[in-house]
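Below are the chains, spelled out letter by letter.
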Amino acid sequence: MTPPAQRPPGAILLRGGTVIDGTGSPRYRADVLVEHGRIQAVGPGLAGSRGADVTVFDAGGKVIAPGFIDVHTHDDHIVLTAPAMLPKISQGICTVIVGNCGISLAPLVRAGTDHALPAPLTLLGDAGGFRFDSLDAYANAVNAARPAVNVAALVGHTTLRVDNVADLARAALPAELDAMCDVLDRAMRDGAIGLSSGVFYGPAAAADMGELTALARIAARHGGVYATHLRDEFEAILASMEEATEVARGAGISLVLSHHKCAGPANWGRTRETLAYVECAGKHQSIGLDAYPYVAGSTVLRADLVDDVIDILVTWSDTHPQLAGRYLADIAAGWNCTQREACERLQPGGACYFQMDEADVQRVLRHPATMIGSDGLPHDRHPHPRLWGTFPRVLGHYSRELKLFGLETAVHKMTGMSAARFGLDRRGRIEAGFHADLVVLDPEQVGDRATFEAPIQASAGIELVFVNGVLSYRAGECLPARAGHFLPRGRTPRTPVNTPP
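Now for a description of the structure that goes with this document. Per-chain numbering applies: the sequence of each chain, read as written, is numbered from 1 onward. For a predicted model such as this one, the threshold for reporting local features is a pLDDT of at least 70, and the threshold for listing and counting side-chain atom pairs is 80 or more; totals across whole chains, interfaces and linings nevertheless cover every residue. Only hydrogens and water are removed before side-chain values are computed, so all heavy atoms of the structure are retained for them.

1. With respect to the packing of aromatic side chains
Only Phe, Tyr and Trp rings take part, Trp by its six-membered ring, and two of them pair if their centres are within 6.5 Å. Stacked means planes under 30 degrees apart, edge-to-face means over 60, and tilted covers everything else. A full pass over the atoms with the stated rule returns 7 aromatic pairs. Aromatic side chains Tyr 327 and Phe 354 sit 6.3 Å apart centroid to centroid with 35 degrees between the ring planes, which places their arrangement in the tilted category. Remark: Phe 354 occurs in the loop between strand S17 (349-353) and helix H12 (358-366) and Tyr 327 occurs in the loop between strand S16 (312-317) and helix H10 (328-335); sequence separation between them is 27 residues. When its relative accessible area of 24% is taken as the criterion, Tyr 327 is described as partly exposed. Here a set of aromatic residues connected by ring pairs shows up, and it is made of Tyr 294, Tyr 327, Phe 354 and Phe 452. In this structure, Arg 345 is placed above the aromatic ring of Trp 335, and the distance from its NZ or CZ to the ring centre is 4.0 Å. The ring of Tyr 292 carries Arg 386 above its face, with NZ or CZ at 4.5 Å from the centroid. Here a helix means four or more residues in a row that DSSP labels H or I, a strand means two or more in a row labelled E, and each is numbered from the N terminus. Partly exposed residues are those whose accessible area sits between 20% and 50% of the maximum for their type, while under 20% is buried and over 50% is exposed, using a 1.4 Å probe and protein chains only. For a ring to carry a charge above it, either NZ of a lysine or CZ of an arginine must fall within 6 Å of the ring centroid while also lying within 35 degrees of the normal to the ring plane.

2. Here's the deal with the layout of surface pockets
In this structure, the second largest pocket occupies an estimated 150 Å³ of space. Lining the second largest pocket are Thr 122, Leu 123, Trp 316, Asp 318, Pro 348, His 379, Asp 380 and Arg 381. Note on residue classes: Ala, Val, Leu, Ile, Met, Phe, Trp, Tyr, Cys and Pro are nonpolar, Asp, Glu, Lys and Arg are charged, and everything else, Gly too, is polar. Looking at the lining of the second largest pocket residue by residue, the classes come out as 3 nonpolar, 2 polar and 3 charged. The pocket and cavity definitions rest on a 1 Å grid over protein atoms only: a 1.4 Å probe that fits but cannot leave marks a cavity, an open set with protein on both sides within 12 Å along at least five of seven lines marks a pocket, and residues lining either have an atom within 4 Å of a point. Grid points are joined across faces, edges and corners, and a volume is the space filled by probe spheres set on the points.

3. Considering the nonpolar core
Residues belong to a common nonpolar core when they are buried Ala, Val, Leu, Ile, Met, Phe, Trp, Tyr or Cys residues joined through side-chain atoms within 4.5 Å. Grouped together as the largest cluster of nonpolar side chains are 126 residues, with contacts concentrated most on Phe 68, Leu 80, Tyr 138, Leu 257 and Leu 395. When residues of this core are assigned to their parent elements, the largest contribution, 7 residues, is made by helix H7 (residues 209-221). If we skip the residues at most four places from it in the chain, Leu 395 touches Phe 68, Arg 400, Leu 407, Ala 410, Val 411, Met 414, Leu 441 and Val 446. The contact definition used throughout considers only heavy atoms, calling two residues in contact when any of these lie within 4.5 Å.

4. So, unusual backbone geometry
Cis geometry marks the peptide bond from Ala 106 to Pro 107; its omega dihedral reads 0 degrees. Here Asn 336, not a glycine, exhibits a phi torsion of approximately 55 degrees, which is positive. As for its position among the elements, Asn 336 is in the loop between H10 and helix H11 (339-346). Relative accessible area serves as the criterion here: at 74%, Asn 336 is assigned to the exposed category. A positive phi is found at Lys 403, a non-glycine position, where the angle reads about 55 degrees. Residue placement: Lys 403 occurs in the loop between helix H13 (386-401) and helix H14 (407-414). Residue Lys 403 is classed as exposed on the basis of its relative accessible area, which comes to 64%.

Below, the structure written as structure tokens:
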């Protein structure tokens, strides 16, 4: 891949702040010195050791944290078309991991062809964005766009299937599986950090464990991870978790269970069972979780998710775009039809499904294996507020207000734990020699402003964001300098140290 253009920023000193270093260790007062995009020193009294060539930022009364890592995104395309990445950098996010839920922009070419783009690939935008025949080509496009955030990429199993399996209603034939393995092997050599799957969705639902394990072995051979949107997050969630852990164990790969939840009122409270399963299985293999801090999920409109019990907020509809932001029950009442009939008339589209219980959300967030990921959908016309508010909501509502865990633990779940789990080299901690992805925040003010009614709102309390040592965001505005680039796979991921809440 083409290396990113070099930006040699001058020396920067963050003076007098409270450092929360991303390890889960207690906070401490210190200065942070940055040169040439790296943290050079951390400690007291660093201002006196520098000459006039240093730019000083007063961090007194503020927290200095590592730049946040959004481990679960669908930002594959938006980093190219809207590289300012305001929804993410305004939260203090410096790195996004794309390609989740089996859905990745690369490697797949649909632009300029007459091939239909099946859901859920439509969550990444229209077919025109699918123009990369290799991960290397995608990485070069990211570096050319120079987004405000760094980008690390998983390769989606659904993306591989759509390009290599003639009949998506069945498991891959041996020759088709060999072709997918070859494509994944090349992508891993091009710097992918692992494989993701989404067997919940139609195009991948027919995949059997043999298909998934064979692909996961390829990712394991290169030191990657396996992240999965489970086959079922409703009644069959434990069986789905067993399938995922068996695949990962058979492949010898670290597992990440995506946006962990127990969905649907009939399953509320079952996180006691699922988290106990994680702890039991985790004694024998490496397992992590990611989660977002809301009781609603968001995906494509699906009639099988309409139960006439939970609220459903329409986020987009190609057939009735003017109805984005309205509840399905209200639309159905206006049309004098059932909610399922309204759902069918609105398709293709997307929606927020209020399918979780708050106690379950808190239980998952608090679990020591849980990282924070937004799962935001940037192409929705009326997006879920998690796109703009996830990380400050954890810091403000769940840590400061509800005291679910301390700020050190909250930051660890967004930084050091995430970098270790996904093998992001020298990121996620404030330590000499690490890349200077840094956030300065007000611990008393940080919080989300985005709501389900008005989801496009920057959060409060994020004051300064540095990406690779470049000041890229300041209290409400993106700055012209964008310093993000594609992050190829670094060291082999390891199981991070989980800090008890």
